[in-house]
Amino acid sequence: MTDLAEAPAGPTAEVEHLDVLIVGAGLSGIGAGYRLQTMCPTKTYAILEGRSSLGGTWDLFRYPGVRSDSDMFTLGYPFRPWTEEKSIADGASIWTYLRDTATEYGIDKKIRYEHRVVRASWSSTEARWTVDATIGEQAEPARYTCNFLYMCSGYYSYAGGYEPTFPGRQDFEGEVVHPQHWPDDLDYDGKQVVIIGSGATAVTLVPSMADTAAHVTMLQRSPTYITSLPAKDALAGLLRRVLPAHLAHRIIRWKNVLVTTAFYQFCQRRPKAAKRMIGAMAAKQLPVGYDLDPNFNPSYGPWDQRLCLVPDGDLFAAIKDGRADIVTDQIERFTSTGIDLQSGRHLDADIIVTATGLKLEACGGMEIHVDGTEVKPGDTYVYKGFMLSDVPNLAMCVGYTNASWTLRADISSQDVCNVINHLDEHGYRSATPTVHDLIEPRPILDLSSGYVQRGKDVMPMQGSRAPWVLRQNYVLDLLSSKMGDVTESLTFDSAPHAESAAVAD
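Presented here is an overview of the structure given in this document.

What counts, and where the lines are drawn
Within every chain, residues take consecutive numbers counted from 1 along the sequence as written. Per-residue local features are limited, in this predicted model, to residues with pLDDT of at least 70; the limit for side-chain atom pairs, both in listing and counting, is 80 or more; totals at the level of whole chains, interfaces and linings are taken over all residues. Side-chain metrics rest on all non-hydrogen atoms present in the structure, leaving aside hydrogens and water. What counts as a helix is a DSSP run of H or I of at least four residues, what counts as a strand is a run of E of at least two, and both are numbered from the N terminus. Salt-bridge detection follows one rule: a side-chain nitrogen of Lys or Arg within 4 Å of a carboxyl oxygen of Asp or Glu. Accessible area is worked out with a 1.4 Å probe on protein chains only. A residue is then buried under 20% of its type maximum, exposed over 50%, and partly exposed in between. Centre distance within 6.5 Å is the pairing criterion for rings of Phe, Tyr and Trp, where only the six-membered ring of Trp is used; planes under 30 degrees apart are then read as stacked, over 60 as edge-to-face, and the remainder as tilted. By this rule the span expected of a helix is its residue count minus one, scaled by 1.5 Å. Note: two strands are recorded as paired if DSSP finds a minimum of 2 bridges between them. Comment: axis = line fitted to C-alpha atoms, over the contacting stretch for helices; angle = value between 0 and 180 degrees taken between N-to-C directions.

That bond from D293 to P294 is cis: its omega, 15°, falls within 30 degrees of zero. Mapped onto the fold, P294 is located in the loop between α8 (271-285) and β11 (308-311). For the bond from A466 to P467, the omega torsion is 5°, close enough to zero to count as cis.

Written out as structure tokens, the structure reads:
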């Protein structure tokens, strides 16, 4: 098998050139394809997708009950309204929406499946990227060149999630499953299930598996803030009946943006009051007299980690009905029949689900070289949330942590198109974000969640001031994108016969 990370494509390999290469055919990549087609209609592009299907996250995860943890009016695209009844949608419906969007706009014809990008090398002399990939299970080499490279591969590894080492795991006689690799034939009917974790995946799995399992226990080391919303948006149903579809969608979308933003700001500015409110909402849906401490009493403030959303309070209903429970404790070791806890309690289990989180990975884990020097994303700063310092003509799509991913992703795609158009208008070949002054480094994902802390060194940093800040505010970002100067702190390189470089004021 050829390892393109070490050996380049052979001299006889055919090299295809495109104006823009997009890596990843998930939510971000499909949206990027639409923006390129509409804002840069003369540009040629292709989407390289490592898997055999589009959809990204919504094709990868197949565990019971997989669903969005954001409303679909903001997680969906602004250019193609979400028309289904449920605002909090299941994974299969989201995948169908993505497939239909790609088909409707011809984006599906631009996707090259089973193309795993392993290396991208920039040449300042040629002002282009050389992108090496492997195709299929046989890892056949493929090479592309492009003028602009747009990474829409998300921020976690598709190869596998985070699985801590549990003492005695080999002694357990049942099945151990990680949600990222859910087996199609897993039978949990009438069985005792323990789900390790307290994040969005765990709170989704518990009520879904509790429908048929004998009992489901969510075992958490520390609790998470959990809020409930109706699966169906009542206002959406009303507006759709009286207004044109696109107008109704815009109103609902902006209503949800503003409500989400206001709630986030409330949590940040009044954390104690927000904690009391979230706790009171949970108490109303739990059995009478249920003690919120410790299972629903996080030690951190709201939105220091991402909140978990449960549609129609399904998790609370499963606990109230006795089909599920939550245990807050530490694992001592696995045994042949379940898990021993540090408190001395034993949890019986036929199946253990390790919903223990993701592994962060920048740019799909590929190598990046600029003029022969390897660039580690963790050593760079993010420029306006979409480009990397000292890396020419490359963008990386990162969504919000406190709102729908697509809100930020769509702004990034429009900004990428604005940069490309600026290059053409002024005869420049490349744009490179350049840090001119010292800035204080900060994590790009400003959360205390375990997966973020474990992988913070692999992700780009953000700074303490614009344009090196990834703001968690859609309204401000949208205004900046529409009215701000996209060329701020960009260094432009002209063709050889012109001036060697031009720096934006």
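Under the definition given, this model contains 24 salt bridges. Note that D415 and R408 form a salt bridge whose closest N and O atoms lie 4.0 Å from each other. By relative accessible area, which is 5% here, D415 ends up buried. Judged by its relative accessible area of 3%, R408 is buried. The network of salt bridges with common partners includes R408, D415, R471 and D477.

The next subject is the packing of aromatic side chains. Counted according to the given criterion, the structure contains 22 aromatic pairs. Ring geometry for Y34 versus F79: centroids 3.6 Å apart, planes at 10°, classification stacked. One end of the pair, Y34, is in helix α1 (residues 27-39); the other, F79, is in the loop between α3 (72-75) and α4 (91-104), with 45 residues separating them in the sequence. You can call Y34 buried: its relative accessible area is 13%. Geometrically, the ring pair formed by Y428 and F492 is stacked, given 4.8 Å between the ring centres and 20° between the ring planes.

Our focus in this paragraph is helix α10 (residues 405-426). Along its 22 residues, α10 runs 32 Å from first to last C-alpha, staying within 8% of the 32 Å computed at 1.5 Å per residue. α10 sits mainly inside the fold: 17 of its 22 residues count as buried. Directly beyond the C-terminal end of α10, a positive phi value near 75° is found at G427.

What follows concerns the sheet that holds strand β12 (residues 324-328). Taken in spatial order, the five strands line up as β7-β16-β8-β9-β12 in an open sheet, and their pairing is parallel. Where the open sheet ends on each side, the last strands, each with one partner, are β7 (175-177) and β12. Within the sheet, the average angular offset between the axes of one strand and its neighbour, ignoring direction, is 20°. As paired strands, β7 and strand β16 (residues 351-354) are joined by three bridges and run parallel to one another.

Here we take up the sheet that holds strand β13 (residues 331-334). Taken together, three strands build an open sheet; the order of strands is β13-β14-β15 and the sheet is antiparallel. Unpaired on one side and paired on the other, β13 and β15 (346-348) mark the two borders of the sheet. Strand-to-strand, the axes of this sheet are offset by a mean angle of 20°, without reference to chain direction. Where strand β14 (residues 338-341) lies against β15, three bridges are found, and the strand directions are antiparallel. Along β15, the bridge assignment pairs G338 with D348.

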